[in-house]
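# Descriptive analysis of the structure
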Number of protein chains: 2
Amino acid sequence: MKAEIITIGDEILIGQIIDTNSAYLGAELTRLGFEVQRLQSIPDRHEAIIFALNNIFKDTDLVILTGGLGPTRDDITKQSLLTFFGGKMILDPTAADHIRKLLKSRHVRLYERNIRQAEVPDSCQVLANHSGSAPGMMFRKHDKIFVSLPGVPFEMKDIFEHELLPVLQREFILPLRKHRTLLLEGVPESLAAEKLSQWEEQLPDSMNLAYLPSVGILRLRISISGDNEDYLNEKLNKATKELNQLFGSQRIFGEGTDTLQEIIGRLLVKEGASLSTAESCTGGTIAQMITSVPGASEYFAGSVIAYSNEIKIKQLGVAEADLKNYGAVSKGVVEQMATGVRARYQTDYAIATSGIAGPGGGSSEKPVGTTWIAISSKDTLVSAKFLFGDHRERNITRASITALNMLRIQLMRLR
Amino acid sequence: MKAEIITIGDEILIGQIIDTNSAYLGAELTRLGFEVQRLQSIPDRHEAIIFALNNIFKDTDLVILTGGLGPTRDDITKQSLLTFFGGKMILDPTAADHIRKLLKSRHVRLYERNIRQAEVPDSCQVLANHSGSAPGMMFRKHDKIFVSLPGVPFEMKDIFEHELLPVLQREFILPLRKHRTLLLEGVPESLAAEKLSQWEEQLPDSMNLAYLPSVGILRLRISISGDNEDYLNEKLNKATKELNQLFGSQRIFGEGTDTLQEIIGRLLVKEGASLSTAESCTGGTIAQMITSVPGASEYFAGSVIAYSNEIKIKQLGVAEADLKNYGAVSKGVVEQMATGVRARYQTDYAIATSGIAGPGGGSSEKPVGTTWIAISSKDTLVSAKFLFGDHRERNITRASITALNMLRIQLMRLR
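Residues numbered from 1 in each chain as written. Chains lettered and ligands numbered in written order. Predicted model: local features only at pLDDT ≥ 70, side-chain atom pairs only at ≥ 80, totals over all residues.

## Notes on the pairing of strand S3 (residues 62-66) of chain B
Residue and element names in this part refer to chain B. The buried count for S3 comes to five of five residues, which makes it a mostly enclosed element. Every second residue of S3 is oriented toward a common face, with Leu 62, Ile 64 and Thr 66 on one face and Val 63 and Leu 65 on the other, all of them buried. Where strand S1 (residues 2-8) meets S3, five bridges bridge the pair, whose relative direction is parallel. Pairing of Ala 3 across the sheet is with Leu 62, part of S3. Relative to strand S8 (residues 144-149), S3 runs parallel, the two sharing five bridges. Bridging across to S8, Leu 65 finds its partner in Ser 148. (Buried ≥ 20, exposed ≤ 12 C-beta atoms within 10 Å, placed from the backbone. Helix = DSSP H or I, 4+ residues; strand = E, 2+ residues; numbered from the N terminus. Pairing = 2+ DSSP bridges.)

## A look at the interface of chain A and chain B
The interface is formed by 61 residues belonging to chain A together with 59 residues belonging to chain B. Partitioned by chemical class, the residues of the side of chain A that touches chain B number 27 nonpolar, 26 polar and eight charged. Two strands pair when backbone bridges link them, and strand S14 (residues 300-306) of chain A and strand S14 (residues 300-306) of chain B are joined in this way by five bridges, in the antiparallel orientation. Residue A:Val304 lies in a different strand from S14(B), and its bridge partner there is B:Val304. (Contact = placed C-beta atoms within 7 Å. Nonpolar A, V, L, I, M, F, W, Y, C, P; charged D, E, K, R; others polar.)

## Details of the sheet that holds strand S11 (residues 217-226) of chain B
Residues and elements named next belong to chain B. Reading across the sheet, the four strands line up as S10-S11-S9-S12 and stay open at both edges, with antiparallel pairing between neighbours. Both outer strands of the open sheet, strand S10 (207-214) and strand S12 (252-255), are each paired with one neighbouring strand and no more. Averaged over all adjacent pairs, the angle separating strand axes in this sheet is 25°, with direction ignored. Summarising the sheet, strand S9 (residues 176-185) and S12 pair through three bridges and their orientation is antiparallel. Note that in S12 the partner of Leu 184 across the bridge is Ile 252. (Axes fitted to C-alpha atoms, helices over the stretch in contact; angles between N-to-C directions.)

## A few points about the domain arrangement of chain A
On domain assignment, one finds that chain A holds domain 1 (2-171), domain 2 (177-255) and domain 3 (260-411). Each of domain 1 of chain A and domain 2 of chain A has a C-alpha centre, and these two points are 34 Å apart. (Domains from an automatic or database assignment.)

## Description of unusual backbone geometry
For the bond running from A:Gly358 to A:Pro359, omega is -5°, close enough to zero to count as cis. Although it is not a glycine, B:Asp143 sits at a positive phi angle of roughly 60°. Mapped onto the elements, B:Asp143 comes out in the loop between strand S7 (136-141) and S8. Its identity as a non-glycine residue notwithstanding, B:Arg413 has a phi of 55°, on the positive side. Tracing the chain through its elements places B:Arg413 in the segment after helix H15 (392-411). What makes B:Arg413 exposed here is the crowd of 7 C-beta atoms within 10 Å.

## Description of the sheet that holds strand S10 (residues 207-214) of chain A
Residue and element names in this part refer to chain A. Sheet architecture is open: four strands sit in the order S10-S11-S9-S12, paired in antiparallel fashion. Only two strands of the sheet have a single neighbouring strand rather than two, namely S10 and strand S12 (252-255). Along the sheet, successive strands turn relative to each other by an average axial angle of 25°, direction set aside. Against the sheet, helix H8 (residues 189-201) contacts S10 and strand S11 (217-226), and its axis sits at roughly 175° relative to S10.

## Details of the pairing of strand S17 (residues 381-387) of chain B
Residues and elements named next belong to chain B. Bridge analysis of strand S16 (residues 370-377) against S17 gives seven bridges, and the strand direction is antiparallel. Opposite Trp 372, over in S17, you have Lys 385 as the bridge partner. Between S16 and S17, which follow one another and run antiparallel, lie three residues.

## Focus: the packing of helix H2 (residues 21-32) of chain B against helix H7 (residues 153-171) of chain B
Each pair of packed helices can be described by the angle between their axes along with the distance between the axes. Residues and elements named next belong to chain B. Between H2 and H7, the least distance of the axes is 11 Å, while the angle of their chain directions is 20°. Classified by the angle their axes make, H2 and H7 are roughly parallel. Crossing of H2 over H7 shows right-handed handedness. For the pair H2 and H7, the contacting residues are Asn 21, Tyr 24, Glu 28 and Leu 32 in the first and Pro 153, Met 156, Lys 157, Phe 160 and Leu 168 in the second. (Parallel < 35°, antiparallel > 145°, perpendicular 65-115°, else oblique. Left-handed = near helix turned anticlockwise from the far one by under 90°.)

In structure tokens, the structure reads:
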């Protein structure tokens, strides 16, 4: 089964926004067993949309269009779809009702142009948009399925996951293809490749391994195709076990869409324990990650973001002499930050960070990227020094991820 | 003058990497006055490359291809270029010499496949790659210019800036096209469209307006073409002034690539003032945004992330009775949080947030999305209540952006 993706919008062509929708759809369609044979970005102009629709590859089975459906530019895309697929424009009553309720719940005034977003060609099947106002539309022509989705990423994903996915699984006989993705912290891609070169060589042809690196986290995706589900699952279980043996459970922290903050949340709830953070170089990023999880208030008390030395002394009880003698980025200071916040915020666990995120503040002794992280609990205090890189944003992200995994290792008693 | 961009590589089609090269080239070509009329991503297969080259729009003047030139997959792309443009493969002595020197300077062993990167069709003009091994290539056919660049972003940019740009400026008579983007906080797209409908109608044909919404921020981009730079600037200035009058400087916070956290940073530095935050529902997101700016330590002291009521009482001095009588999400509590952190962290300004991010915790009186924000300074205390939506992540983002803009309004004395 072959697919094409078309994104509509001048803002992509002029480089004002980076098209992340195509990557999402490319990954999802590949995972389902489609071969994505082309991505295109085109202007939101009638002729450009019609031209693209007229020039889909003959062997393409599925075309997904995104974008061009906001309240201010609805007309062009939908009129183009009407021209190409035929029919007449009608107001979809369910979609109109949904828009009224949605805007009411958001306390936003309803304009005529909002309701007009519920107008669709009657040649389409409406795909409900649970998190926005522009509905998705599905058309059939020349034995192909065409789908138009809004360009706002979370709306596009919502419709894809909840409305389109079941249709695709019903409509297409997709080859059986299974994936498992292991999540690793603290393993650079080149090191993993070195460690896995022999293991990769002995993989059967039906199985392959992809390296998906991002800042601080490496995902290893194993894919396998075949026709017996039990057999494929067995093979994936075996491969997963082997990778776990190679890297160990300190480095492999989860699978699939797990996040460190969710795993930590579950472990804290299970233990009935509470958490606080004292952050210097990460500046609130760890707290932000922890509180992004619904229900975090059950275990997260709060944080001291101690950017200045005064706050480290007054709010965390760090010894002034240690700051003077060893500097803020030191073992003694980060450990006092962790024990200090744990005592003052009365929690069972605490994370502390102190580092030089850059671009300024580095020295030959402590270059930009130098970071101390500590984890304090009732009976342990562990700390470690890291040397990340020379890029502020990446240093902050890596420090936050490393700290969360250090806490996970403590919570799982993996030490 | 019209342009197309083609990126070659399976890793883009399967969503393994996000194509940022196209956004860079799209922005650069637009800035130069090209109209980018299509982006495409295609697999690194001979037939796919030949098909794409054979199907360039008739009116396209410039085609830029990126990718497919690494040492492990050089052959397909270059053989395809040879097939399409004719000629024979030769070793470019300058490029070969450069590769030898480059690898020597990096203490990397030279393999046969490295030197073969200097092989190019003799139908091309070589564009030197100062920061990598694969050279760029420029071809002419059917009155169009075709350029092939490596896919590694910094190498692609290096060749574009230093080698290709002068050629483009010499070869093409480019129309003058200018853009200005205004950044608005707190204005939904539909409201802006309503407010601007008359204004848009009177715009000359040479000028157009695009709405680019994201969570909490709406960007309005005005574009204009012509041949007199002063005239275009004058028109853009006039339009900017009109939009400023329509929306006001409380809502329009910046232009282009400005961010609220950078603007606030500059204003605080100018005033020699310091800042702290007391965050409940935003859970550290405001601190994280503020500290993402290099040099934030100059004005940012730190934060109390007060997720639990105990922390609000003990670390910020919020009255227990108020928490009991009015709840954490109330005017009195958020104001005490702001004054509390300002006093304890001894800063000139403080931001406080308290809200129900969701999905749990809402009631009919205080639904999910209800958020109180306060700004405290030496002589003022302002607070306001907002009703965002029903999506946790977006509520947190909107609360953070709203809070930063409320602080900006105070810092600029716009009240």
